[in-house]
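# Observations on the three-dimensional arrangement
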Amino acid sequence: MGYKTLVKVLLLISVLNLVPSLKAAEIRNGKLYIEVLIETAKYITLQPEPETVSETSINIYETDLPVCRKMTGNLDIELANTDKQSCWGILLRNEPWNDDSRGILQESFEWSDNYLMLRQENLIYADTTFVSREVALAYAREHNIPDNMVQYIPIVGSIVKITTSKKEKYYLETPLRIQSNLPLIINHHRETYSGEFYLKEIDNKLVLTQLIYLEDYVAGVIPYEIGSNAPIEALKAQAVTARTHSIALLTFNRHKNDGYDLCNSTHCQVYKGKYLINPNIQSAVDSTSDQILTINGKLADTPYHSNCGGHTDAAHQIWNSQPLPHLLGVPCVEGVDSLDLTQEKQARQWIDKNTIDPLMSSWEKAGMSWSHTISRKKLANNLGMNDIDKIVINQRSVSGRIIDMSFYGSKRVQIIGEAKIREIFGALRSSFFYIDGKYNSNRNGKVEIIPDRTLSLKGKGYGHGVGMCQSGALRMAREGKSYWNILSLYYPGTQITTNWMSDEGK
Ligand SMILES: [Zn+2]
Ligand SMILES: [Zn+2]
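The following paragraphs examine the structure supplied in this document. (Residues numbered from 1 in each chain as written. Chains lettered and ligands numbered in written order. Predicted model: local features only at pLDDT ≥ 70, side-chain atom pairs only at ≥ 80, totals over all residues. Heavy atoms only, no water.)

## Side note on the coordination of the zinc ion (ligand 1)
What counts here: Listed donors are limited to N, O and S atoms within 2.8 Å of the metal, widened to 3.2 Å for Na, K and Ca; water is not among them, so incomplete-looking sites are possible. Any coordination sphere not matching a tetrahedral pattern (four donors, all angles between 85 and 135 degrees) or a square planar or octahedral pattern (four or six donors, opposite donors over 155 degrees apart, other angles between 65 and 115) is reported as irregular. Burial status follows relative accessibility: with a 1.4 Å probe on protein chains alone, a residue under 20% of its type maximum counts as buried, one over 50% as exposed, and anything between as partly exposed.
The coordination sphere of the zinc ion (ligand 1), as far as protein atoms go, consists of His-255 (NE2), Cys-263 (SG), His-267 (ND1) and Cys-268 (SG), spread over 2.0 to 2.3 Å. Given four donor atoms and angles of 102 to 117° at the metal, the environment of the zinc ion (ligand 1) is assigned as tetrahedral. On the primary sequence, the residues serving as donors to the zinc ion (ligand 1) are separated as H-x7-C-x3-H-C. Residue class for Cys-263 comes out buried when judged on its relative accessible area of 7%. By relative accessible area, which is 42% here, His-267 ends up partly exposed.

Written out as structure tokens, the structure is:
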């Protein structure tokens, strides 16, 4: 049976006794709440903080049941029906969701004409389902169906067993909505979370998510190091960039099949609840509430990094993407604009220049000037080579970061991309460095180095270099510049927008 035939025998998913559970974001009173992954595991323990254990009450609701079970103390949760088989299906098509739709509702975000839109679609699967992804994939390949049409189908009614500290047992049906008035410790991690959660079963694992107001989420992802005692204008700039980047991540919809909007690791943004938030961060978030950056009506994604090294970088050179007008790279530190850092001599000259300011904190200084040594043997080993006779720098990007280099020995190994180059030399802070010693220009005008037994590197910068430089933002704030001065330097051509939720969403 070919793919075309399969399309003809399509069946609505509701026939398979499944319910919509890919619904993630919620809009309440015009406020956007997003669903963020907290934990995915076989067992989940919810634990009140020791000092507030007697006042903590955890309310648990089953979907469509208006009754609430109040529980106290520690809750140990596990799947009760572990022998239940997973359900994988072949997605036939997505239709716009309407009032008569009865399949799986999948919500995703899109940015369209100045607004963030929530798109609702009805997922329609073939009537054949499979117990594992492998079996589904084998079937799909046999029938010339693309791999990405094989998807996990969330099934309603997985039973979880909840055991309380008093050894009471409850058997409840997923998905569960969980509310806690006070912070909970989850699986004994250091972080705590309070408010509203969902517990689902996805592919034989428990998935715990938090439904959180976008502004609270933004406060939770502002990097800690910039938060302690940083001037408020720098924190406000950071709040706008974190918020804009969060919206951009939503529009990427990387997790639309996972049952949540964003994960809590570096894949999306690191989010660990409220425990890192200090009053300065909170006031920066509150005073810039809803503000994001756009450019010509489009969302202007706002990457940021710790220290550019002097000049910020171009997104398209670092990530090999389309050039973005607000991410082409700008001079950050005084004196850099007269230099061309793509040229070896001028890059070396700048790296050797002392640009450390006594007002800088230790992490800023660590990004402004650093050195690193690695033996030639170790470097060769990292590259999968026996030895290295010659190193060629093929390209430096606009910030001076090396983005393309080749190593010659028993074979030639070419390394492209700043992240890979940092890794090869041993977790470098940036790829804006030079190898100490003599260098020559080869026939093609590329820099050629004959390495010694030990390579001594000198560098500047910390991170990828694209977008706002946190160190530069702090310096500008110390000089009395406003958060808008900071944002318009690092993201030229952008403007602040606050009214970006679509009317449909409100
Ligand atoms: Zn993610
Ligand atoms: Zn900078």
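The structure having been displayed, the exposition proceeds.
## Remarks on the pattern of salt bridges
Note the following rule: For salt bridges, the criterion is a side-chain nitrogen of Lys or Arg within 4 Å of an Asp or Glu carboxyl oxygen. Put simply, DSSP marks the helices as runs of H or I at least four residues long and the strands as runs of E at least two long, and each gets a number from the N terminus on.
Per the counting criterion, the structure on display carries 20 salt bridges. The salt bridge partner of Asp-387 is Arg-376, with a shortest N-O separation of 3.0 Å. Of the two residues, Asp-387 sits in the loop between α10 (376-382) and β20 (388-396) while Arg-376 sits in helix α10, which places them eleven residues apart along the sequence. The class of Asp-387 is partly exposed, set by a relative accessible area of 30%.

## A look at the sheet that holds β20
Threshold: A strand pair is defined by DSSP finding two or more bridges across the two strands.
Judged by pairing direction, the sheet is antiparallel, and its five strands sit side by side in the order β22-β21-β20-β25-β24 without closing on themselves. Strand pairing shows two members of the sheet lacking a second neighbour, β22 (412-416) and β24 (440-441), which therefore form its edges. Across three bridges, β20 lies against strand β25 (residues 447-449) in antiparallel orientation. Residue pairing in the sheet places Ile-391 in a bridge with Ile-449 of β25.

## Overview of helix α2 (residues 133-142)
Put simply, the test is: Picture the helix axis, draw a direction to every C-beta atom, and the arc is the one those directions span.
Every buried residue belonging to α2 is among Ala-136, Leu-137, Tyr-139 and Ala-140, and all of these are buried. Projected down its long axis, α2 carries its buried residues within an arc of 165°, all on one side. Exposed residues on α2 whose side chains face more than 90 degrees from its buried face are Glu-134, Arg-141 and Glu-142. Within two residues after α2, Asn-144 carries a phi angle of roughly 55°, on the positive side.

## Details of the packing of helix α5 (residues 232-252) against helix α13 (residues 483-490)
Heads up, the condition is: Here, axes are lines fitted to C-alpha atoms. For helices the fit covers the stretch in contact, and angles between N-to-C directions go from 0 to 180 degrees. Orientation categories follow fixed angle ranges, with anything under 35 degrees roughly parallel, anything over 145 roughly antiparallel, 65 to 115 roughly perpendicular, and all other angles oblique. By the definition used in this description, the sense in which the near helix is turned from the far one sets the handedness, with an anticlockwise turn below a right angle giving left-handed and a clockwise turn giving right-handed. Any pair of residues with heavy atoms lying within 4.5 Å of one another is described as a contacting pair. Ten residues, namely Ala, Val, Leu, Ile, Met, Phe, Trp, Tyr, Cys and Pro, are considered nonpolar, four, namely Asp, Glu, Lys and Arg, are considered charged, and the remaining ones, Gly among them, are considered polar.
Relative orientation of the contacting elements α5 and α13 amounts to 50°, with a least axis distance of 8 Å. On the basis of their axis angle, the class for α5 and α13 is oblique. Note that α5 runs across α13; the crossing there is right-handed. Residues Glu-233, Ala-234, Lys-236, Ala-237, Val-240 and Thr-241 of α5 lie in contact with α13, whose contacting residues are Tyr-483, Ile-486 and Leu-487. Broken down by class, the residue content of the contact of α5 with α13 amounts to six nonpolar, one polar and two charged.

## What about the packing of aromatic side chains?
Geometry of an aromatic ring pair is reported as the spacing of the ring centres plus the angle between the planes. Spelled out, the test is: Pairing of aromatic side chains here covers Phe, Tyr and the six-membered ring of Trp, requires ring centres within 6.5 Å, and sorts the geometry by plane angle: under 30 degrees stacked, over 60 edge-to-face, intermediate tilted. Over a ring means this: the NZ of a Lys or the CZ of an Arg is within 6 Å of the ring centre and within 35 degrees of the ring normal.
One pass over the full model with this rule turns up seven aromatic pairs. Look at Trp-88 and Tyr-152: their rings are 5.4 Å apart centre to centre, the planes differ by 75°, and that puts the pair in the edge-to-face class. In this pair, Trp-88 is assigned in strand β7 (residues 88-96) and Tyr-152 in strand β10 (residues 150-152), connecting sequence segments 64 residues apart. The exposure class assigned to Trp-88 is buried, which follows from its relative accessible area of 9%. With centroids separated by 6.0 Å and ring planes inclined at 55°, the aromatic side chains of Tyr-193 and Tyr-271 adopt a geometry described as tilted. Taken together, the residues Tyr-193 in strand β14 (residues 192-202) and Tyr-271 in the loop between α5 and α6 (279-287) connect sequence positions 78 residues apart. Across the pair, Tyr-271 and Tyr-193 agree in class, each one buried. Here a set of aromatic residues connected by ring pairs shows up, and it is made of Tyr-193, Tyr-217 and Tyr-271. Cation over ring: Arg-28 sits above Tyr-33, and NZ or CZ is 5.0 Å from the ring centre. Directly above the aromatic system of Tyr-408 lies the positively charged group of Lys-390, at a separation of 4.6 Å from the ring centroid.

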